[in-house]
Amino acid sequence: NAGVTQTPKFRILKIGQSMTLQCTQDMNHNYMYWYRQDPGMGLKLIYYSVGAGITDKGEVPNGYNVSRSTTEDFPLRLELAAPSQTSVYFCASSWGDVTEAFFGQGTRLTVV
Amino acid sequence: KNEVEQSPQNLTAQEGEFITINCSYSVGISALHWLQQHPGGGIVSLFMLSSGKKKHGRLIATINIQEKHSSLHITASHPRDSAVYICAVYPQGGSEKLVFGKGTKLTVNP
């Protein structure tokens, strides 16, 4: 059972480039989340989804987009990378509200 | 002010010591998560609790809902316990999404 899988693990982007962070889960969870983790700060919610076809903004959505076409996949898109998006990104999933969350291994993104 | 405060921020211990990490929160909650993050690694769920106490191996988590406080204890600490421990809460009545503390960095020396 793989759990939550994120790719890539590391990426360096130039300012203005675009990329997609991939996230897939094999636990048939309804809820999926994207967080960013900055040094010395708690994780911040970027976007979340409560099921296929449904997405909503979190605390820090600017500069990002998501889609949820299947239960398993929840990709995060950066359209015009900026240095402020340098961070570690975590994808997570849970069965429903107020249930145990399972996290991926993280993606370390540097924008130069 | 962060809704979730952890103390201490950094903790260094000798192998075998009993460790306590504290988490205080300012809002009513539905449940609380303790998570572990190893250097360069992902985040692993340790416990999710809404009352009382849970134990798994050498790890014990307690919560006092009235005092808005939770503790994570590690008995007989080992260098492999070195990690960042993160407390997160599900606030009641709001978006029901996790709110995270900044984490406690634990280093256990041999």
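Structural notes, computed from the coordinates. Here the structure is a predicted model, which means the values were calculated and not measured.

Concerning the nonpolar core
Logical step 1: Of all hydrophobic cores here, the largest spans 23 residues; its most connected members are Leu-32, Trp-34, Phe-47, Leu-72 and Tyr-85 of chain B.
Logical step 2: Of all the secondary-structure elements, those providing two or more residues to this core are strand E3 (19–25), strand E4 (29–37), strand E5 (43–49), strand E7 (59–64), strand E8 (69–74), strand E9 (83–91) and strand E11 (104–109) of chain B.
Logical step 3: When near neighbours in sequence (up to four residues on either side) are disregarded, Leu-72 of chain B contacts Ile-19, Thr-20, Ile-21, Trp-34, Leu-46, Phe-47, Ile-60, Ala-61 and Tyr-85 of chain B.
Logical step 4: In this structure, Tyr-31, Leu-43 and Leu-45 of chain A together with Ala-31 of chain B belong to the second largest nonpolar core, which totals 20 residues.

Let's talk about the interface of chain A and chain B
Logical step 1: Between chain A and chain B, the residue contacts involve 19 residues of the former and 18 residues of the latter.
Logical step 2: Taking both partners together, chain A and chain B bury about 1,600 Å²; carbon and sulfur atoms supply 60% of that area.
Logical step 3: By the criterion of area lost to chain B, the three top residues of chain A are Leu-43, Val-98 and Phe-103 of chain A, representing 31% of everything that side buries.
Logical step 4: Taking the shortest distance from any N to any O, the salt bridge between Asp-97 of chain A and Lys-97 of chain B comes out at 3.7 Å.
Logical step 5: Inspection of the chain A/chain B interface yields five residue pairs in polar contact (both at pLDDT 80 or more).

Notes on the sheet that holds E8 of chain B
All names here are of chain B.
Logical step 1: Strand order across the open sheet formed by five strands is E1-E3-E8-E7-E6, with antiparallel pairing between neighbours. The two strands at the open ends of the sheet, each matched to only one other strand, are strand E1 (4–7) and strand E6 (52–56). Each adjacent strand pair in this sheet contributes to an overall mean axis angle of 15°, direction not counted.

Observations regarding the state of the cysteines
Logical step 1: As enumerated under the stated definition, the model contains two disulfides over all chains in all.
Logical step 2: Disulfide partner of Cys-23 of chain A: Cys-91 of chain A, at an S-S distance of 1.8 Å. Judged by the sign of its S-S torsion, about -70°, the cystine formed by Cys-23 of chain A and Cys-91 of chain A is left-handed. Placement of Cys-23 of chain A in strand E3 (residues 19–25) and of Cys-91 of chain A in strand E9 (residues 87–94) is noted, with a sequence separation of 68 residues between them. Cys-91 of chain A shares its class with Cys-23 of chain A; the two are buried.
Logical step 3: Note on cysteine connectivity: Cys-23 of chain B is disulfide-linked to Cys-87 of chain B, with sulfurs 2.0 Å apart. Measuring the twist about the S-S bond at about -65°, one finds the Cys-23 of chain B-Cys-87 of chain B disulfide to be left-handed. Remark: Cys-87 of chain B occurs in strand E9 and Cys-23 of chain B occurs in strand E3; sequence separation between them is 64 residues.

Scoring rules and cut-offs
Residues numbered from 1 in each chain as written. Chains lettered and ligands numbered in written order. Predicted model: local features only at pLDDT ≥ 70, side-chain atom pairs only at ≥ 80, totals over all residues. Heavy atoms only, no water. Core = buried A, V, L, I, M, F, W, Y, C linked by side-chain atoms within 4.5 Å. Buried < 20%, exposed > 50% of the residue type's maximum accessible area, 1.4 Å probe, protein only. Helix = DSSP H or I, 4+ residues; strand = E, 2+ residues; numbered from the N terminus. Contact = heavy atoms within 4.5 Å. Buried area = accessible area lost by both parts, 1.4 Å probe. Salt bridge = Lys/Arg side-chain N within 4 Å of Asp/Glu carboxyl O. Polar contact = N/O pair within 3.5 Å; in protein donor to acceptor, adjacent residues only side chain to side chain. Pairing = 2+ DSSP bridges. Axes fitted to C-alpha atoms, helices over the stretch in contact; angles between N-to-C directions. Disulfide = S-S within 2.5 Å.

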